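Close look at the chain arrangement
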Amino acid sequence: MTANVFDEHEGRVRFITAIAMEVKALALSASRDEMISTSDPGAEKLVYAKAYQAWADSKIEGTADDIFEAVQEVLDV
C-alpha cells in the first residue's frame, strides 16, 4: 500500500472503531488496555449500518468493499 492508501485505510478503521465503541460492539479492557468485542450481534449490525450510512454521507472515503473490509477488521479483535 502506498502511504496515501494506507492513511485512508487507517482513517476508515479509526472512524469505524469509534462507531463500534459508540454502539457498544467494542469495549476498552481496563486490565489489558486494548479493545475487546462485546459479542453482541445487534451491535455489530449497527456498526455495519452506521459505517455504510457514514460512507453514503461522504464522511468515510473508499469503496463499499473498503468499508466492508474495515468493519470486519474492527470487529475481528
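Each remark here, short or long, concerns the structure printed above.
Quick look at the structure, then. Bear in mind that the values here come from a model prediction, so they are computed numbers and not experimental data. (Residues numbered from 1 in each chain as written. Predicted model: local features only at pLDDT ≥ 70, side-chain atom pairs only at ≥ 80, totals over all residues. Heavy atoms only, no water.)

In this section: the packing of helix 1 (residues 3-22) against helix 3 (residues 64-75). Two packed helices can be described by the angle between their axes and the distance between those axes. Here helix 1 crosses helix 3 at 55 degrees, and the two axes come no closer than 9 Å. When the axes of helix 1 and helix 3 are compared, the pair comes out oblique. Considering the relative orientation of helix 1 and helix 3, their crossing is right-handed. Of the residues in helix 3, those touching helix 1 at His9, Arg12, Val13, Ile16, Thr17 and Ala20 are Asp66, Ile67, Ala70, Val71, Glu73 and Val74. Grouping the constituent residues of the contact of helix 1 with helix 3 by class yields seven nonpolar, two polar and three charged. (Axes fitted to C-alpha atoms, helices over the stretch in contact; angles between N-to-C directions. Helix = DSSP H or I, 4+ residues; strand = E, 2+ residues; numbered from the N terminus. Parallel < 35°, antiparallel > 145°, perpendicular 65-115°, else oblique. Left-handed = near helix turned anticlockwise from the far one by under 90°. Contact = heavy atoms within 4.5 Å. Nonpolar A, V, L, I, M, F, W, Y, C, P; charged D, E, K, R; others polar.)

Turning our eyes to something else, we now look at the pattern of salt bridges. Opposite charge on two side chains allows them to pair when their charged atoms are near. By the definition in use, this model includes one salt bridge. The salt bridge involving glutamate 22 is made with lysine 50; its shortest N-O contact spans 3.4 Å. Note that glutamate 22 is positioned in helix 1 and lysine 50 in helix 2 (residues 41-56), a separation of 28 residues in sequence. Looking at lysine 50, the relative accessible area reads 34%, which means it is partly exposed. (Salt bridge = Lys/Arg side-chain N within 4 Å of Asp/Glu carboxyl O. Buried < 20%, exposed > 50% of the residue type's maximum accessible area, 1.4 Å probe, protein only.)

On to the nonpolar core, then. If you look at the biggest cluster of nonpolar residues, it comprises 17 residues, and the most contacted ones within it are Ile16, Ala25, Val47 and Val71. Counting residues per element, the ones that place at least two in this core are helix 1, helix 2 and helix 3. For this core, the element with the most residues is helix 3, which contributes five residues. In contact with isoleucine 16, other than residues within four places in its own chain, are Val47, Ala51, Ile60, Ile67, Ala70, Val71 and Val74. (Core = buried A, V, L, I, M, F, W, Y, C linked by side-chain atoms within 4.5 Å.)

Before going further, it helps to examine a negative patch on the surface. Negative charge collects at one region of the surface, where Asp65, Glu69, Glu73 and Asp76 lie side by side. With respect to the helices, strands and loops of the structure, glutamate 73 is situated in helix 3. (Patch = residues over 30% accessible without salt bridge, like charges linked within 9 Å, V, L, I, M, F, W, Y side chains within 5 Å. Areas by Shrake-Rupley, 256 points an atom, 1.4 Å probe, with all protein chains shown as cover. Lys, Arg positive; Asp, Glu negative; His and termini not counted. Charge placed at Lys NZ, Arg CZ, Asp CG, Glu CD.)

With that out of the way, let us pick up helix 1. Relative to the 28 Å expected for 20 residues at 1.5 Å per residue, helix 1 spans 28 Å between its end C-alpha atoms, a close match to the ideal helical length. One or two residues past the end of helix 1 sits lysine 24, with phi positive at roughly 65 degrees. (Expected span 1.5 Å × (residues − 1).)

This part covers the packing of aromatic side chains. In this structure the tally under the stated criterion is two aromatic pairs. Ring plane angle 35 degrees and centroid distance 5.9 Å describe the contact between tyrosine 48 and phenylalanine 68, whose orientation is recorded as tilted. With a gap of 20 residues between them, tyrosine 48 in helix 2 and phenylalanine 68 in helix 3 connect regions that are remote in the sequence. Judged by centre distance (6.0 Å) and plane angle (80 degrees), the rings of tyrosine 52 and tryptophan 55 are edge-to-face. Taken together, the residues tyrosine 52 and tryptophan 55, both in helix 2 and three residues apart, mark about one turn of the helix. Given the relative accessible area of 30%, tryptophan 55 is considered partly exposed. (Phe/Tyr/Trp six-rings, centres within 6.5 Å; stacked < 30°, edge-to-face > 60°.)

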